[in-house]
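# A look at the structure
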Amino acid sequence: MAERKLLVEVAGLVDAPVDQVWPLLRDSLAATETDGYTAAHQGGWWYRGEWSAEVAGTGTMIIHRVYNVARWLRWGVPLANRFFVGFREATSSGFEQGIAEVARRLGTGHRLVEVGQLAR
């Protein structure tokens, strides 16, 4: 895989076990790669989105990361994307809509989690 630069990271908690959450989430993604509780989609010349799920107490922590994986003209990615103005907000909004739909289908709650609160 090409060198990659993290552009955006968002996380959320769904109040249901990972074995219930992950199939619904995975099936809603345009993922071209899956492995266990990880899925990824690489598109265009620069974009790679990765989603992962992990047990978080009785719930599931979902993490979504977007990377710049351009092999050439990496410097041009911000220019081609208007310097990513609004990109983080749009990514976070789409992510929350996705986990909200999974939570709705399971009849449970969800919430976004500040990335700084993630245990590493």
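Structure: see above.
This report concerns the structure included in the present document.

Definitions and cut-offs
Residues numbered from 1 in each chain as written. Predicted model: local features only at pLDDT ≥ 70, side-chain atom pairs only at ≥ 80, totals over all residues. Heavy atoms only, no water. Core = buried A, V, L, I, M, F, W, Y, C linked by side-chain atoms within 4.5 Å. Buried < 20%, exposed > 50% of the residue type's maximum accessible area, 1.4 Å probe, protein only. Helix = DSSP H or I, 4+ residues; strand = E, 2+ residues; numbered from the N terminus. Contact = heavy atoms within 4.5 Å. Phe/Tyr/Trp six-rings, centres within 6.5 Å; stacked < 30°, edge-to-face > 60°.

Within the largest apolar cluster, 22 residues are counted, with the highest numbers of intra-cluster contacts made by Val-14, Val-21, Trp-22, Leu-25 and Ile-62. Of all the secondary-structure elements, those providing two or more residues to this core are strand E1 (5-14), helix H1 (18-28), strand E4 (47-56), strand E5 (59-68) and helix H3 (87-106). It is H1 that contributes the most residues to this core, five residues altogether. In this view, Ile-62 contacts Val-10, Ala-11, Gly-12, Val-14, Val-21, Leu-25, Ser-52, Ala-53, Phe-95 and Ile-99; residues no more than four positions away in its chain are not counted. Membership of the second largest hydrophobic core comes to five residues, among which are Ala-11, Leu-13, Met-61 and Ile-63.

In total, this model carries one aromatic pair according to the counting rule given. For the ring pair Trp-22 and Tyr-37, a centre distance of 6.2 Å and an interplane angle of 85° mean the geometry is edge-to-face. Remark: Tyr-37 occurs in the loop between strand E2 (33-35) and strand E3 (38-43) and Trp-22 occurs in helix H1; sequence separation between them is 15 residues. Taking the relative accessible area as the measure of exposure, Trp-22 reaches 2% and is therefore buried.

Structurally, Thr-91 is set in helix H3. Setting aside chain neighbours within four positions, we find Thr-91 in contact with Val-8, His-64 and Val-66.

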